[in-house]
Amino acid sequence: MSRYEGRRVVVTGAGSGIGRATTVRLVREGATVFAVDRDDAGLRETAGLVEDPARMLSHQADLSAEDEAVAAATAAAERLGRVDVLVNVAGILRTTPVTSLDLEDYRLIFAVNLHAPALLCRELLPHLPDDTGVIVNVTSTAATKAHPGMTGYAASKGALLSFSISLAAELAPRRIRVVPVSPGGVATPLTADKRTYAGIDLSWYARTYPLWGRPGRPEDVAAAIAFAASDDGAYLNGVELRVDGGSHS
Ligand SMILES: NC(=O)c1ccc[n+]([C@@H]2O[C@H](COP(=O)([O-])OP(=O)(O)OC[C@H]3O[C@@H](n4cnc5c(N)ncnc54)[C@H](O)[C@@H]3O)[C@@H](O)[C@H]2O)c1
């Protein structure tokens, strides 16, 4: 597979789960990936999994901080020279009933899940080529499907979905595509300890995968991202791509 031969890609959240699987997949398909995560050890682990470690450039940053997000984008542009694709994967999940809402928690969720992707778009769009540039934002089925106990997370993903739809129209004059990709439940560290929280039973979540009766795998989402950002997805723009085994229906 060489859909990404010569392409330069920025992937955030590359130190675990979906971001790691995306990095591994895109390097295998020929890309050079600038891999960002706050977790240095996670990045090193990902580097040990990619087919050609020379085509993964690691950068540690806490993307909830504006200066670190800007510095990551600057480093990406410098080290890659050009950025063909931006894949915003980094995200956090907090489960809290709204009666115990902690505004600081909401601020952090929005900083990572919405503000960081928006900042990276702002900083990297000058480096994305007209006609072929692509931005993929990893949202969630939580954006449009009730996720009790996850209101802040769901709201942040809904905001990222709306952001992506409007950005696609904003960038249409440059023919840069924006594709929001919404996974359903995927077995990663993000969801591993979230079956119950503060008395809220989240077990319903595990019963919503009609297709294979299992949660998604990071590789399922990586394959969809690889499609969406490649030339195969050239007519896909501003529309949510759900990767959820049918759990939304
Ligand atoms: N796992 C699921 O069920 C699921 C479902 C729908 C959407 N998603 C979304 O997919 C994305 C990836 O999730 P995952 O399941 O792979 O989770 P994960 O926890 O395995 O990976 C998330 C990565 O983001 C990084 N990260 C978090 N905060 C950061 C910050 N401030 N700065 C830099 N990096 C940061 C983490 O270090 C981690 O490596 C997230 O946006 C998540 O909301 C996941």
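Since this is a predicted model, take the numbers as computed values, not measurements. (Residues numbered from 1 in each chain as written. Predicted model: local features only at pLDDT ≥ 70, side-chain atom pairs only at ≥ 80, totals over all residues. Heavy atoms only, no water.)

### Things to note about the UniProt feature "domain: Ketoreductase" (unreviewed entry) in the protein chain
Under the UniProt annotation, the feature "domain: Ketoreductase" (unreviewed entry) is placed at residues 7-189. Within residues 7-189, the helical portion is 43% and the strand portion 17%, while the C-alpha atoms at the span's ends are 29 Å from each other. (UniProt positions renumbered as here; feature names shortened; annotations may be inferred. Helix = DSSP H or I, 4+ residues; strand = E, 2+ residues; numbered from the N terminus.)

### A word on the pairing of strand 5 (residues 134-138)
Summarising burial for strand 5: five of the five residues are buried, a large majority. Going residue by residue along strand 5, you find Val134, Val136 and Val138 tucked away on one face and Ile135 and Asn137 tucked away on the opposite face as well. Read as a crossover between parallel neighbours, the route from strand 4 (residues 85-88) over helix 4 (residues 103-124) to strand 5 is right-handed. Sheet topology note: the strand 5/strand 6 (residues 177-183) ladder contains five bridges and is parallel. Residue Val134 lies in a different strand from strand 6, and its bridge partner there is Arg177. Following the backbone out of strand 5, through helix 5 (residues 151-171) and into the adjacent parallel strand 6, one traces a crossover that is right-handed. (Buried < 20%, exposed > 50% of the residue type's maximum accessible area, 1.4 Å probe, protein only. Right-handed = clockwise from strand over helix to strand, strands pointing away. Pairing = 2+ DSSP bridges.)

### Considering the pattern of salt bridges
Between side chains of opposite charge, pairing is possible as soon as their charged atoms come close. One pass over the structure, following the stated rule, counts 13 salt bridges. Between Arg122 and Glu66 there is a salt bridge; the shortest N-O distance is 3.3 Å. Remark: Glu66 occurs in helix 3 (residues 66-80) and Arg122 occurs in helix 4; sequence separation between them is 56 residues. A relative accessible area of 47% means that Arg122 is categorised as partly exposed. (Salt bridge = Lys/Arg side-chain N within 4 Å of Asp/Glu carboxyl O.)

### A look at the packing of helix 3 against helix 4
One way to put it is that helix 3 packs onto helix 4 with a least axis distance of 9 Å and a crossing angle of 40 degrees. Taken together, the axis directions place helix 3 and helix 4 in an arrangement best described as oblique. The chirality of how helix 3 crosses helix 4 is right-handed. Counting all contacts with helix 3, which are made through Glu66, Ala69, Val70, Ala73 and Ala76, the residues of helix 4 involved are Leu119, Leu120, Arg122, Glu123 and Leu124. (Axes fitted to C-alpha atoms, helices over the stretch in contact; angles between N-to-C directions. Parallel < 35°, antiparallel > 145°, perpendicular 65-115°, else oblique. Left-handed = near helix turned anticlockwise from the far one by under 90°. Contact = heavy atoms within 4.5 Å.)

### Some remarks on helix 7 (residues 218-229)
In an α-helix there are 3.6 residues to a turn, and that puts residues three or four apart on one side. For helix 7, built from 12 residues, the straight-helix expectation of 16 Å at 1.5 Å per residue is met to within 8% by its first-to-last C-alpha distance of 17 Å. By the burial criterion, the buried members of helix 7 are Pro218, Val221, Ala222, Ala224, Ile225, Ala226, Ala228 and Ala229. At its buried positions, helix 7 is contacted by helix 1 (17-28), strand 4, strand 5, strand 6 and strand 9 (241-243). (Expected span 1.5 Å × (residues − 1).)

### A look at the site of the ligand
Within the structure, the ligand sits among 30 residues, and Ser16, Asp37, Tyr153, Val186 and Thr188 are positioned closest to it. The backbone of Val89 places a nitrogen or oxygen atom 2.7 Å from an oxygen atom of the ligand. One nitrogen or oxygen atom from the main chain of Val186 is found 2.7 Å from an oxygen atom belonging to the ligand. When isolated, the ligand has an accessible area of 820 Å², and the protein chains bury 96% of it. Those elements giving two or more residues to the shell around the ligand turn out to be helix 1, helix 5 and helix 6 (189-192). Among the elements that make up the shell around the ligand, the one with the highest residue count is helix 6 (three residues). Looking at the shell around the ligand, its residues break down into 13 nonpolar, 12 polar and five charged. (Near = heavy atom within 4 Å. Polar contact = N/O pair within 3.5 Å; in protein donor to acceptor, adjacent residues only side chain to side chain. Areas by Shrake-Rupley, 256 points an atom, 1.4 Å probe, with all protein chains shown as cover. Nonpolar A, V, L, I, M, F, W, Y, C, P; charged D, E, K, R; others polar.)

### What about the environment of Gly216?
Structurally, Gly216 can be placed in the loop between strand 8 (200-201) and helix 7. Measuring from C-alpha to C-alpha, the distance between Gly216 and Ala187 comes to 6.3 Å, with 29 residues separating the pair along the chain. Setting aside anything within four residues of it in sequence, one finds Gly216 in contact with Gly185, Val186 and Ala187.

### Section: helix 4
For helix 4, with 22 residues, the first-to-last C-alpha span of 30 Å sits near the 32 Å given by 1.5 Å per residue. Ala111 marks the point of greatest bend in helix 4, at about 40 degrees. Every buried residue of helix 4 is accounted for by Ile109, Ala111, Val112, Asn113, Leu114, Ala116, Pro117, Leu119, Leu120, Cys121 and Leu124. For helix 4, the secondary structure elements touched by its buried residues are strand 1 (8-12), helix 3, strand 4, strand 5 and helix 5. With a side-chain oxygen positioned 2.9 Å from the backbone nitrogen of Glu104, the residue opening helix 4 is Asp102. (Bend = angle between axes of the 7 residues up to and from the residue.)

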